[in-house]
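Summary of structural features
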Amino acid sequence: MTDARLTAPGGTFQLGGDLPVHRLGYGAMQITGKGIWGEPSDRAGAVAVLRRAVELGVNFIDTADSYGPYVSEDLIREALHPYPADLVIATKGGLVRTGPDKWIPVGRPAYLRQQVEMSLRRLGIDRIDLYQLHRVDPDVPLADQVGELKALQDEGKIRHIGLSEVDSAQIEEAGRTARIVSVQNLFNLADRHHEAVLDYAERNDIAFIPWFPIATGQLAAPGSVLEDAAEKHGSSPAQLALAWLLRRSPVLLPIPGTSSVGHLEENVAAAAVELSDAEYDELSALA
Ligand SMILES: NC(=O)c1ccc[n+]([C@@H]2O[C@H](COP(=O)([O-])OP(=O)(O)OC[C@H]3O[C@@H](n4cnc5c(N)ncnc54)[C@H](OP(=O)(O)O)[C@@H]3O)[C@@H](O)[C@H]2O)c1
């Protein structure tokens, strides 16, 4: 067990105040077919990535009913059930799929309820530790969408509630219906348009889960803006992108996605990458 690689300096975050998670998690969106549709080309490889993540000390895995759809949750169960006691699986609902790369928000309460029930069944659990509204459906009052999740929480089927792709006003509005413990928005070194939401999350001790933490691989690819800095630092570009996020705010919980054990190991090792103040400032000025 190489837990030490995850504990410093990435550290832990108390999700919802009562679930300690290593800040560097794993995003399970890349273990499905192309366009996040259907089965992966290498199912055994996907299972191996999930098992290796847990072996390396990752105890925060992000997924969604819509990844596949269903494929990612099914794989998590196949690879990891019965789950380690400290493993936090965060899933999401509220997007329907009509084909590869097609995502349509549906936030009608009856649909959200069905999806929570189906995620419980697929994952093989009695309660979902973190259930995130994947998208706010503009055609349904936010209070009704979050209200249904609150009802499911009151019934013991959801432990904590989170949101995805929202602004601070929506977090406040949702917070009048239920306690919101996390927000999952697009954020990385090269795209910081949700900086105000991050500041809001930090002020309110809400976890900010940045999706596309390595810009879907662009920050790690040949020609990345991080190439020179990585060479100088003795780390890889992906590791610098993740170390920068861990350093940017204590409420950031990056969930890099990969279908490769090699990339997973490289990404997990980023939790131990230390940046000096000067290095952090240099990276911040890059993109
Ligand atoms: N809430 C939302 O709306 C939303 C939207 C998108 C994603 N998400 C969540 O966020 C997670 C992360 O997003 P993401 O997976 O799309 O993007 P990402 O983590 O920024 O990048 C993943 C891509 O980078 C590549 N990669 C990963 N590690 C690498 C490394 N060390 N070196 C080189 N390439 C590397 C992967 O390819 P390989 O497979 O070849 O490694 C993959 O193509 C998802 O898994 C999902 O859980 C949420």
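Residues numbered from 1 in each chain as written. Predicted model: local features only at pLDDT ≥ 70, side-chain atom pairs only at ≥ 80, totals over all residues. Heavy atoms only, no water.

1. A look at the overall build of the protein chain
- Counting its secondary structure elements, the protein chain contains 11 helices and 11 strands.
- Against the globule reference of 19 Å for 287 residues, the protein chain gives a C-alpha radius of gyration of 18 Å, in line with a compact fold.
- Considered along the principal axes of its C-alpha atoms, the protein chain spans approximately 55 × 40 × 35 Å.
- Burial analysis of the protein chain (287 residues in total) assigns 55% to the buried set.
- The long-range fraction of contacts in the protein chain, counting pairs at least 24 apart against all pairs at least 6 apart in sequence, stands at 73%.
- For the protein chain, the accessible area works out to roughly 11,700 Å², and carbon and sulfur atoms hold 50% of it.
- On the protein chain, the mean spot of the 26 positive side-chain charges and the mean spot of the 40 negative ones are 5 Å from each other. (Helix = DSSP H or I, 4+ residues; strand = E, 2+ residues; numbered from the N terminus. Rg over C-alpha atoms; globule rule 2.2 N^0.38 Å. Buried < 20%, exposed > 50% of the residue type's maximum accessible area, 1.4 Å probe, protein only. Contact = heavy atoms within 4.5 Å. Areas by Shrake-Rupley, 256 points an atom, 1.4 Å probe, with all protein chains shown as cover. Lys, Arg positive; Asp, Glu negative; His and termini not counted. Charge placed at Lys NZ, Arg CZ, Asp CG, Glu CD.)

2. A few points about the pattern of salt bridges
- Enumeration according to the criterion identifies 17 salt bridges in this entry.
- Where arginine 52 meets glutamate 55, a salt bridge forms, and the shortest distance between an N and an O atom there is 2.6 Å. In this pair, arginine 52 and glutamate 55 are both assigned in helix α2 (residues 43-55), 3 residues apart and thus about one turn of the helix distant.
- Classification of arginine 52 as partly exposed rests on a relative accessible area of 24%. (Salt bridge = Lys/Arg side-chain N within 4 Å of Asp/Glu carboxyl O.)

3. Comments concerning the packing of aromatic side chains
- This structure, assessed with the given rule, holds 5 aromatic pairs.
- With 6.1 Å between their ring centres and 85° between their planes, tyrosine 67 and tryptophan 103 make a pair best called edge-to-face. Of the two residues, tyrosine 67 is situated in the loop between β4 (60-62) and α3 (71-80) and tryptophan 103 in the loop between β6 (95-96) and β7 (104-105); the sequence distance between them amounts to 36 residues.
- Taken together, the ring pairs in this structure connect Phe187, Phe208, Trp244 and Tyr280 into an aromatic cluster.
- Lying across the ring of tryptophan 103, arginine 97 places its NZ or CZ 3.7 Å from the centre. (Phe/Tyr/Trp six-rings, centres within 6.5 Å; stacked < 30°, edge-to-face > 60°. Lys NZ or Arg CZ within 6 Å of the ring centre and 35° of its normal.)

4. Concerning the packing of helix α6 (residues 168-175) against helix α7 (residues 195-203)
- Here α6 crosses α7 at 40°, and the two axes come no closer than 9 Å. By the angle between their directions, the pair α6 and α7 is classed as oblique. Contact residues: Ser168, Ile171 and Glu172 in α6; Ala196, Val197 and Tyr200 in α7.
- Taken together, the residues of the contact of α6 with α7 sort by class into 4 nonpolar, 1 polar and 1 charged. (Axes fitted to C-alpha atoms, helices over the stretch in contact; angles between N-to-C directions. Parallel < 35°, antiparallel > 145°, perpendicular 65-115°, else oblique. Nonpolar A, V, L, I, M, F, W, Y, C, P; charged D, E, K, R; others polar.)

5. Description of the pairing of strand β11 (residues 207-211)
- Counting buried residues along β11, 5 of its 5 residues qualify, which places the element largely inside the surrounding structure.
- Side chains Ala207, Ile209 and Trp211 of β11 all project onto a buried face; the interleaved residues Phe208 and Pro210 project onto the opposite face, where all are buried too.
- Pairing between strand β10 (residues 180-186) and β11: 5 bridges, direction parallel. Counterpart to glutamine 184 in the pairing with β11 is isoleucine 209.
- This β-α-β element, β10 to α7 to β11, shows right-handed connectivity. (Pairing = 2+ DSSP bridges. Right-handed = clockwise from strand over helix to strand, strands pointing away.)

6. Here's the deal with the pairing of strand β2 (residues 19-22)
- Note that strand β1 (residues 12-15) and β2 share 4 bridges and pair antiparallel. Across the sheet, the residue bridging to glutamine 14 is proline 20, located in β2.
- Between the antiparallel neighbours β1 and β2 lie 3 residues, among them glycine 16 with a positive phi of about 65°.

7. A closer look at the nonpolar core
- Core analysis: the largest hydrophobic core is formed by 65 residues, its most contacted members being Leu15, Phe60, Ile171 and Phe208.
- Contact partners of isoleucine 171, with chain neighbours within four places excluded, come to Leu163, Val166, Ile180, Val183, Val197, Tyr200 and Ile206.
- Counting 23 residues, the second largest nonpolar core, distinct from the first, contains Tyr26, Ala46, Ile76 and Leu264. (Core = buried A, V, L, I, M, F, W, Y, C linked by side-chain atoms within 4.5 Å.)

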